[in-house]
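Notes for the structure review
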Amino acid sequence: MTTDTVERFLAALDPEHREAVGARPREEQENLAEAWEKELATDDELDTLDELSPPAAEAEAARRVLDRRSE
């Protein structure tokens, strides 16, 4: 398992979004990955989901971050 936050964030995305985010500048990817880490750390609903399925929690957090950025 990789420890690079950007790589972990990209892995949590669905393939379509992974490709789109992967094409963005590294700095933007890092900002998104940082927001993703904060989402995982602060959302209580994700804590519950993380106990059941860590990959599902990471994917949900990634979806939320991208949704907020597209508003």
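None of these values were measured; they are calculated from a predicted model.

**Quick look at the overall build of the chain**
Helix and strand counts for the chain stand at 5 helices and 0 strands. Across the chain, helices and strands are ordered from the amino to the carboxyl terminus as α-α-α-α-α. In terms of its C-alpha atoms, the chain occupies a principal-axis envelope of roughly 30 × 30 × 20 Å. Sequence-distant contacts, at least 24 apart, represent 49% of the contacts inside the chain between residues at least 6 apart. On the chain, roughly 4,800 Å² of surface is accessible, and the fraction owed to carbon and sulfur atoms is 48%.

**A few points about the side chain of arginine 8**
You can see arginine 8 is positioned in helix α1 (residues 5-12). Its relative accessible area of 18% is what places arginine 8 among the buried residues. Engagement of the side chain of arginine 8 in a polar contact is seen with the side chain of glutamate 37, the distance being 2.7 Å.

How each quantity is defined
- Residues numbered from 1 in each chain as written.
- Predicted model: local features only at pLDDT ≥ 70, side-chain atom pairs only at ≥ 80, totals over all residues.
- Heavy atoms only, no water.
- Helix = DSSP H or I, 4+ residues; strand = E, 2+ residues; numbered from the N terminus.
- Contact = heavy atoms within 4.5 Å.
- Areas by Shrake-Rupley, 256 points an atom, 1.4 Å probe, with all protein chains shown as cover.
- Buried < 20%, exposed > 50% of the residue type's maximum accessible area, 1.4 Å probe, protein only.
- Polar contact = N/O pair within 3.5 Å; in protein donor to acceptor, adjacent residues only side chain to side chain.

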